[in-house]
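Notes for the structure review
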Amino acid sequence: MKRTTTSQTGSNKKITKTENVSLDELIEAEKMEAQIKDSLKANIAKVTHEEKKKMDSMFNFGYESIKELDSLQQFGSEDERLDAIEYWFVKKTLEVKARNTNEELIKKFKESFVHNFSKTLFIYMPLFAFFLWLFHGKKRWYYFDHGIFILHYFSFILLIILIVFLFSKFLSLFGTSAISDSVKGVVDLVAFLWMFYYFFPAHHRFYGETRLISFVKSIALFFINIILIFIIILLFALYTFINIH
């Protein structure tokens, strides 16, 4: 009986020892997990702080305030001074930055850019018509005729954009999934390629030139307008930014 009791006591000690070891391991694992979480939070906070500093530097152009800009412009060396256009733009940017946080700037810029983007068409359309006028006979075609063609082509583009928008809203009724995203991507790609392609047959039918001459002129107009659109969008983005309230 004594042996049995001793054996049972030894077994209990082994179990207790095993339980203590397991408990110590769990506590150690929890400590390590807590340390990893703290380390991740610190790294995220560090990255966020560095990104904020980079964004501040981007918006401030390296100047802490308008006072510092004016001081350098007035008393700084020739290398530190800006020309009249740069000084005006940087000062406008600092004034906008002083009234808004980085998050507010990005939000207001997006809203204003999307809301007023259609206004750029009124600038772009007459310029596009001007290049069409340069590429075609002045005796046969008036500038007004090119404007009619531009209205026709832009109406087609806006119609395609509307169809794609409505189709996207229709797909959203079924929720998000890999299939719906793939279908939307394919439709967007087809719509973009169709808008690009349509200019060639439309140009050929409207001006009545041979397909080869019409194709060469269309390609040249395409590259000219790519550059023109880029410049207009860049200027519009700058105008939108410096007019944020």
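We now turn to the structure provided with this report. Each chain carries its own residue numbering, running from 1 in the direction its sequence is written. Since the coordinates come from a predicted model, pLDDT governs what is reported: local features require at least 70, and pairs of side-chain atoms require 80 or more to be given and counted, while whole-chain, interface and lining totals use all residues. As a convention, hydrogens and water are excluded, and side-chain values are obtained from all of the structure's heavy atoms.

The secondary structure content of the protein amounts to 8 helices and 0 strands. Comment: elements are numbered from the N terminus, with helices defined as DSSP H or I runs of at least four residues and strands as E runs of at least two. The order of helices and strands in the protein, counted from the N terminus, is α-α-α-α-α-α-α-α. Throughout this description, buried means an accessible area under 20% of the type-specific maximum (1.4 Å probe, protein chains only), exposed means over 50%, and partly exposed covers the range between. Looking at the protein as a whole, 24% of its 245 residues are labelled buried. Contacts: residue pairs with any heavy atoms within 4.5 Å of one another. Nonlocal contacts in the protein, meaning residues at least 24 apart in sequence, comprise 65% of its contacts between residues at least 6 apart.

Turning next to the packing of helix α5 (residues 120–135) against helix α8 (residues 211–242). Put simply, α5 and α8 touch, their axes get as near as 11 Å, and they point 150° apart. Of the possible angle classes, the one that applies to α5 and α8 is roughly antiparallel. In terms of crossing hand, the pair formed by α5 and α8 is right-handed. Contacts between α5 and α8 involve Thr 120, Tyr 124, Leu 127, Phe 128, Phe 131, Leu 132 and Phe 135 from the former and Lys 217, Ala 220, Leu 221, Ile 224, Asn 225, Leu 228, Ile 229, Ile 232 and Phe 236 from the latter. Here the contact of α5 with α8 is composed, by residue class, of 13 nonpolar, 2 polar and 1 charged. Orientation is described by axes fitted as lines to C-alpha atoms, over the contacting stretch for helices, and by angles from 0 to 180 degrees between their N-to-C directions. In these notes the angle categories are as follows: under 35 degrees is roughly parallel, over 145 is roughly antiparallel, 65 to 115 is roughly perpendicular, and the rest is oblique. The handedness criterion is simple: a crossing whose near helix is rotated anticlockwise from the far helix by less than a right angle is left-handed, and one whose near helix is rotated clockwise is right-handed. Residue type decides the class: Asp, Glu, Lys and Arg count as charged, Ala, Val, Leu, Ile, Met, Phe, Trp, Tyr, Cys and Pro as nonpolar, and the leftover types, Gly among them, as polar.

Here is a general trend for soluble globular proteins: nonpolar side chains tend to be buried in one another's company. Definition of nonpolar core: a set of buried residues of the types Ala, Val, Leu, Ile, Met, Phe, Trp, Tyr and Cys, connected through side-chain atoms within 4.5 Å. Counting residues in each nonpolar core, the largest one holds 23 residues, and the members touching the most others are Phe 128, Leu 132, Phe 149, Ile 150 and Phe 154. Looking at this core, the elements with two or more residues in it are α5, α6 (143–172), α7 (178–207) and α8. If we ignore the near neighbours within four places in the chain, the residues touching Ile 150 are Met 125, Phe 128, Ala 129 and Leu 132. Residues Val 96, Leu 105, Phe 241 and Ile 242 belong to the second largest nonpolar core, which totals 5 residues.

Just to be clear on terms, a salt bridge is a Lys or Arg side-chain nitrogen sitting within 4 Å of an Asp or Glu carboxyl oxygen. The full count for this structure, using the stated rule, is 2 salt bridges. For Lys 184, the salt bridge identified is with Asp 188, shortest N-O distance 3.0 Å. With Lys 184 and Asp 188 both in helix α7, this residue pair falls 4 residues apart, about one helical turn. Taking relative accessible area as the criterion, Lys 184 reaches 31% and is therefore assigned partly exposed. Residue Lys 217 pairs with Glu 209 through a salt bridge whose shortest N-O separation is 2.6 Å.

Right, let's get into the environment of Ala 220. Inspection of the secondary structure puts Ala 220 in helix α8. C-alpha of Ala 220 to C-alpha of Phe 135: the two residues are 85 residues apart in sequence and 9.4 Å apart in space.

Centres within 6.5 Å make a pair out of two Phe, Tyr or Trp rings, where for Trp the six-membered ring is used; the pair is then stacked when the planes are under 30 degrees apart, edge-to-face when over 60, and tilted otherwise. Summed over the entire model, instances satisfying the criterion amount to 25 aromatic pairs. Aromatic pair Tyr 124 and Phe 154: ring centres 5.6 Å apart, planes at 45°, arrangement tilted. With a gap of 30 residues between them, Tyr 124 in helix α5 and Phe 154 in helix α6 connect regions that are remote in the sequence. Side by side, Tyr 124 and Phe 154 carry an identical accessibility label, which is buried. For the pair Tyr 153 and Phe 154, a centre-to-centre distance of 6.3 Å together with 80° between the ring planes defines the contact as edge-to-face. For the pair shown, Tyr 153 and Phe 154 are each scored as buried.

Before going further, it helps to spend a moment on a nonpolar patch on the surface. Patch construction takes residues with relative accessible area above 30% that form no salt bridge. Like charges are linked within 9 Å, and nonpolar side chains (Val, Leu, Ile, Met, Phe, Trp, Tyr) are linked within 5 Å. Per-residue accessibility takes into account occlusion by the displayed protein chains alone, with areas from the Shrake-Rupley method and a 1.4 Å probe. Nonpolar side chains collect at one region of the surface, where Ile 227, Phe 230, Ile 231, Leu 234, Leu 235 and Leu 238 lie side by side and expose about 590 Å² of accessible area between them. Positionally, Leu 235 belongs in helix α8. The class of Leu 235 is exposed, set by a relative accessible area of 54%.

How far a helix is expected to stretch is found by multiplying one less than its residue total by 1.5 Å. In this model helix α3 (residues 84–99) runs 23 Å from its N-terminal to its C-terminal C-alpha over 16 residues, within 8% of the 22 Å that 1.5 Å per residue would give. Looking at α3, one finds that the buried residues are Val 90, Thr 93, Leu 94, Val 96 and Lys 97. The arc that holds the buried residues of α3, viewed along the axis, is 160°, so those residues lie on one side. With respect to the buried face of α3, the exposed residues turned more than 90 degrees away are Ala 84, Ile 85 and Ala 98. The arc under discussion is defined with respect to the helix axis, by the directions toward the C-beta atoms.

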